[in-house]
Amino acid sequence: MVSINLLPKDSAPSKNELRFASAINKIAMFSVAVFLLICVFGGGAYFILARQLQSANDDAQRLSTSVQSLQSSESSLILIRDRVQKAQAALNSRISEGYFDKHQKILSLDIPGISFVSSTVDSGKSVIELEISGSASMASLFSTLLADSQFSSLILEKLSYNSLTGYDVTLQVY
């Protein structure tokens with residue numbers, strides 16, 4: 001094919017202009033390539049981050065549901081714990097009533113020379129303090145208590161002698 005140039009030779013671009021146009025063309029092509037790479041990487045990052053955000057939202061929803069179910073379980077456990085504490089208090093008061101009955105029985109024994117000092121009932125422990133004027137009264141008290149089947153266990157915590165008042169006796173009653 002024959003190349004026909006209808007433009008006058010004066011209007012033809014100079015070599016410098018052709019080099020400048022070629023450089024501009026290369027810069028434009030490079031810029032387009034960089035722009036396309038940035039778009040591809042930006043789009044990829046957008047989709048990856050969108051997927052991670054959706055996963056995080058799903059996890060947050062799942063954990064929120066789990067927390068709500070645990071809160072209802074916790075409130076149920078708190079109610080049960082309170083009921084158990086009330087039941088335990090009622091049982092302890094029943095046990096304390098038994099201890100008071102035993103203390104009353106000891107005090108109602110018709111043994112001369114025995115005087116009451118104090119009575120203490122704590123959870124699981126019952127203590128009665130007595131003053132006994134002589135050894136005959138103490139022997140009579142212990143023989144009466146040991147013969148009674150209501151007193152399954154007696155522990156002598158303290159036994160001391162005072163010349164003015166006699167024997168100071170502290171018993172744990174079970």
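Scroll up a little and you will see the structure.
An account of the accompanying structure is given in this report. (Residues numbered from 1 in each chain as written. Predicted model: local features only at pLDDT ≥ 70, side-chain atom pairs only at ≥ 80, totals over all residues. Heavy atoms only, no water.)

This part takes up the overall build of the protein chain. Of regular secondary structure, the protein chain possesses two helices and four strands. Helices and strands appear in the protein chain in the N-to-C order α-β-β-α-β-β. Considering the protein chain as a whole, with its 174 residues, one finds that 14% of them fall into the buried category. A separation of at least 24 residues holds for 50% of the contacts in the protein chain among residues at least 6 apart in sequence. For the protein chain, the computed accessible surface area is about 13300 Å², with 62% contributed by carbon and sulfur atoms. Separation between the mean location of the 14 positive side-chain charges and that of the 15 negative ones in the protein chain comes to 23 Å. (Helix = DSSP H or I, 4+ residues; strand = E, 2+ residues; numbered from the N terminus. Buried < 20%, exposed > 50% of the residue type's maximum accessible area, 1.4 Å probe, protein only. Contact = heavy atoms within 4.5 Å. Areas by Shrake-Rupley, 256 points an atom, 1.4 Å probe, with all protein chains shown as cover. Lys, Arg positive; Asp, Glu negative; His and termini not counted. Charge placed at Lys NZ, Arg CZ, Asp CG, Glu CD.)

Let us now look at the pattern of salt bridges. Tallied over the full model, the rule gives four salt bridges. Residue Arg81 is joined to Asp82 by a salt bridge in which the shortest nitrogen-to-oxygen separation is 3.7 Å. Under the relative-accessibility criterion, Asp82 is labelled partly exposed at 29%. (Salt bridge = Lys/Arg side-chain N within 4 Å of Asp/Glu carboxyl O.)

Take the sheet that holds strand β3 (residues 154-162) next. The sheet built from four strands is open, its strands ordered β1-β2-β4-β3 with antiparallel pairing. Two strands close off the open sheet at either side, each with one partner strand: β1 (114-122) and β3. Geometrically, the sheet is characterised by an average inter-axis angle of 15° between neighbouring strands, direction not taken into account. Relative to strand β4 (residues 166-173), strand β2 (residues 125-132) runs antiparallel, the two sharing six bridges. Note that in β4 the partner of Glu129 across the bridge is Thr170. (Pairing = 2+ DSSP bridges. Axes fitted to C-alpha atoms, helices over the stretch in contact; angles between N-to-C directions.)

Note on placement: Leu79 falls in helix α1 (residues 15-108). Using a relative accessible area of 48% as the deciding quantity, one classes Leu79 as partly exposed. Taking the C-alpha atoms as reference points, Leu79 and Asp58, 21 residues apart in sequence, are found 32 Å from one another.

Once that is clear, we can look at the pairing of β2. Bridging between β1 and β2 involves eight bridges; their strand directions are antiparallel. When the bridges of β2 are listed, Asp122 appears paired with Lys125.

Before going further, it helps to examine the side chain of Gln172. For Gln172, the position within the fold is in strand β4. According to the relative accessible area criterion, Gln172 is buried, its value standing at 9%. Of the polar contacts made by the side chain of Gln172, one reaches the side chain of Glu157; its length is 2.2 Å. Dropping the residues within four chain positions of it, Gln172 is found in contact with Lys125, Ser126, Val127, Ser153, Leu154, Ile155 and Glu157. (Polar contact = N/O pair within 3.5 Å; in protein donor to acceptor, adjacent residues only side chain to side chain.)

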